[in-house]
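Residue-level listing of the chains:
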Amino acid sequence: MPHFDYIARDAGGNRVTGTIEAASRQEVLAQMAGRSLFPVEVDAQKAPGVIRRRIPASMLATTLSQMSDLLQGGVPLLRTLEILRRQISHVGMREVIADLHRQVEDGTSLAAAMQRHQRVFGQITVSMVEAGGEGGFLEESLGRVAGFIEMQEDLKGRTIGALVYPVALAGIFMAVVIGLLVFFVPRFESIFAIMRERGDLPLLTECLLATSRFAWKWGLWIALVLALLGAAMAKWLKTDQGRTWLDLTKLRLPVVGRIFRNLAIARFCRVLGMLLAHGVPILRALQISSEAAGNRVLASAVVEATENISAGQTLAQPLSRCEHFPETIVEM
């Protein structure tokens, strides 16, 4: 049955807002009349589902930070979501918060409600919120996630700014080379043919002409094949096997692989430490923190560690067998 949001005035002229579950708008008006409410505005809520609008990371970080502040101020979760739904100007974020409010009102946990919008919040946020809900420090976990998103966006902005110039130069260079091979070099084919008959054509020029003829004849087909391969690769990377391969590749990349690894391990250790400090059992803490790592390779090693602990063994043994955990982490 659909839900309707309403704004009304009571008998004393005070502004009243709320939600009514009814089969139609007329039934909503009848229920409001029975409560002595005078309708000002009645809107049908959209059916809950996955929000497709793109939400900027800055908006997400601000919303999570405000949620943390309100909860720390003693505002109940449902009231917090209602306040945020009213004051947020971004349409997509407002729809997400409205759906979170509906789900939490129906008895769903905040982490489970966020899981429905994983494209918006990401697995890291969902895992951190789940950790906060399990350990009783939801406000702290929301604040930490907001700070992490802001730091990540700042790093992304500086990285993109540093890469704009070399990427632009590389793009112009590639466009010039392709233009020369496809449009410019073929115009001199007759001149090069005379030089070839005389035996004066260098080998390097022969290779250039062969490459130009190949690009002119097969260029469109090559572009089409590369586009199809790219689409197939993107689809495969969305599977479990593809994601595992991608996470393993990230860890093995030169220079940046070390950064990816340290970031994932830091997230895992931070979440695990918070959970244990707030009294969450170690098996449950490991399960949640493995998801917070954001890397399937490291998460599988943590899952194996969980099985070891269940069998009465230590946490360090399976982590030491995973080559991606530093020795200092294993020793600690």
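Relevant structure appears above.
Residues numbered from 1 in each chain as written. Predicted model: local features only at pLDDT ≥ 70, side-chain atom pairs only at ≥ 80, totals over all residues. Heavy atoms only, no water.

Enquirer: Honestly, the overall build of the protein in this entry has me stumped. Any pointers?
Expert: Along its length, the protein carries 15 helices and 3 strands. Relative to the globule expectation of 20 Å for 332 residues, the C-alpha radius of gyration of the protein, 29 Å, shows a markedly less compact shape. Projected onto its principal axes, the C-alpha coordinates of the protein cover approximately 105 × 60 × 30 Å. Within the protein, contacts between residues at least 6 apart in sequence are counted, and of these 53% link residues at least 24 apart. (Helix = DSSP H or I, 4+ residues; strand = E, 2+ residues; numbered from the N terminus. Rg over C-alpha atoms; globule rule 2.2 N^0.38 Å. Contact = heavy atoms within 4.5 Å.)

Enquirer: How should helix α11 (residues 256–277) be read in this particular structure?
Expert: In an α-helix there are 3.6 residues to a turn, and that puts residues three or four apart on one side. In this model, α11 (22 residues) spans 32 Å end to end at C-alpha, consistent with the 32 Å of a helix rising 1.5 Å per residue. The complete set of buried residues in α11 reads Gly-257, Arg-261, Ala-264, Ile-265, Arg-267, Phe-268, Val-271, Leu-272, Met-274 and Leu-275. Of the surrounding elements, those touching the buried residues of α11 are α6 (118–135), α7 (138–184), α10 (240–252), α12 (282–292), α13 (296–310) and α15 (327–331). Note on α11: the residue one or two positions beyond its end, Gly-279, has a positive phi of about 85 degrees. (Expected span 1.5 Å × (residues − 1). Buried < 20%, exposed > 50% of the residue type's maximum accessible area, 1.4 Å probe, protein only.)

Enquirer: Quick question: what am I supposed to make of the environment of Glu-291 here?
Expert: Mapping Glu-291 onto the fold places it in helix α12. For the pair Glu-291 and Val-303, spaced 12 residues apart in the sequence, the C-alpha separation amounts to 9.7 Å. Not counting residues up to four positions away in its chain, the partners in contact with Glu-291 are Gln-123, Ile-124, Ser-127 and Glu-130.

Enquirer: Whenever I open this one, a nonpolar patch on the surface confuses me. Can you help?
Expert: On the surface, Phe-214, Trp-218, Trp-221, Ile-222, Leu-224, Val-225, Leu-226, Leu-228 and Leu-229 cluster together into a nonpolar patch covering about 940 Å² of accessible area. Looking at where Leu-224 falls in the secondary structure, it is placed in helix α9 (residues 203–236). Taking the relative accessible area as the measure of exposure, Leu-224 reaches 44% and is therefore partly exposed. (Patch = residues over 30% accessible without salt bridge, like charges linked within 9 Å, V, L, I, M, F, W, Y side chains within 5 Å. Areas by Shrake-Rupley, 256 points an atom, 1.4 Å probe, with all protein chains shown as cover. Salt bridge = Lys/Arg side-chain N within 4 Å of Asp/Glu carboxyl O.)

Enquirer: Sorry if this is basic, but what is going on with unusual backbone geometry here?
Expert: With glycine set apart, most residues show a phi of negative sign, and most peptide bonds adopt trans. Backbone geometry at Ser-36 places phi at a positive 60 degrees, although glycine is not the residue there. Looking at where Ser-36 falls in the secondary structure, it is placed in the loop between α1 (25–34) and β3 (38–44). Looking at Ser-36, the relative accessible area reads 45%, which means it is partly exposed.

Enquirer: I would appreciate a short explanation of the packing of aromatic side chains in the present structure.
Expert: Within a pair of aromatic rings, the relevant descriptors are the distance that separates the centres and the angle that separates the planes. Summed over the entire model, instances satisfying the criterion amount to 2 aromatic pairs. The interplanar angle of 55 degrees and the centroid separation of 5.7 Å between the aromatic rings of Trp-236 and Trp-245 together place this pair among those described as tilted. You can call Trp-236 partly exposed: its relative accessible area is 29%. For Trp-245, a relative accessible area of 40% translates into the label partly exposed. When the ring of Phe-268 is compared with that of Phe-325, the centres are 6.1 Å apart and the planes differ by 75 degrees; the resulting orientation is edge-to-face. Here Phe-268 is found in helix α11, whereas its partner Phe-325 is found in the loop between α14 (316–321) and α15, with 57 residues between them in sequence. (Phe/Tyr/Trp six-rings, centres within 6.5 Å; stacked < 30°, edge-to-face > 60°.)

Enquirer: Explain α9 here, please?
Expert: With 34 residues, α9 should cover 50 Å at 1.5 Å per step; its first-to-last C-alpha distance of 42 Å lies more than 12% under that length. Of the positions making up α9, those classed as buried are Thr-205, Leu-209 and Ser-212.

Enquirer: For this particular structure, what's the right way to read the nonpolar core?
Expert: In summary, soluble globular proteins display a tendency toward joint burial of nonpolar side chains. One finds Leu-64, Met-93, Leu-100, Met-114, Phe-121 and Phe-325 to be the most contacted residues of the largest nonpolar core, which totals 57 residues. Look past the residues within four positions of Phe-325 in its chain and what remains in contact with it is Ile-265, Phe-268, Leu-298, Ala-301, Val-302, Leu-319 and Val-330. With 9 residues, the next largest nonpolar core counts Tyr-6, Ala-8, Ile-20 and Leu-37 among its residues. (Core = buried A, V, L, I, M, F, W, Y, C linked by side-chain atoms within 4.5 Å.)

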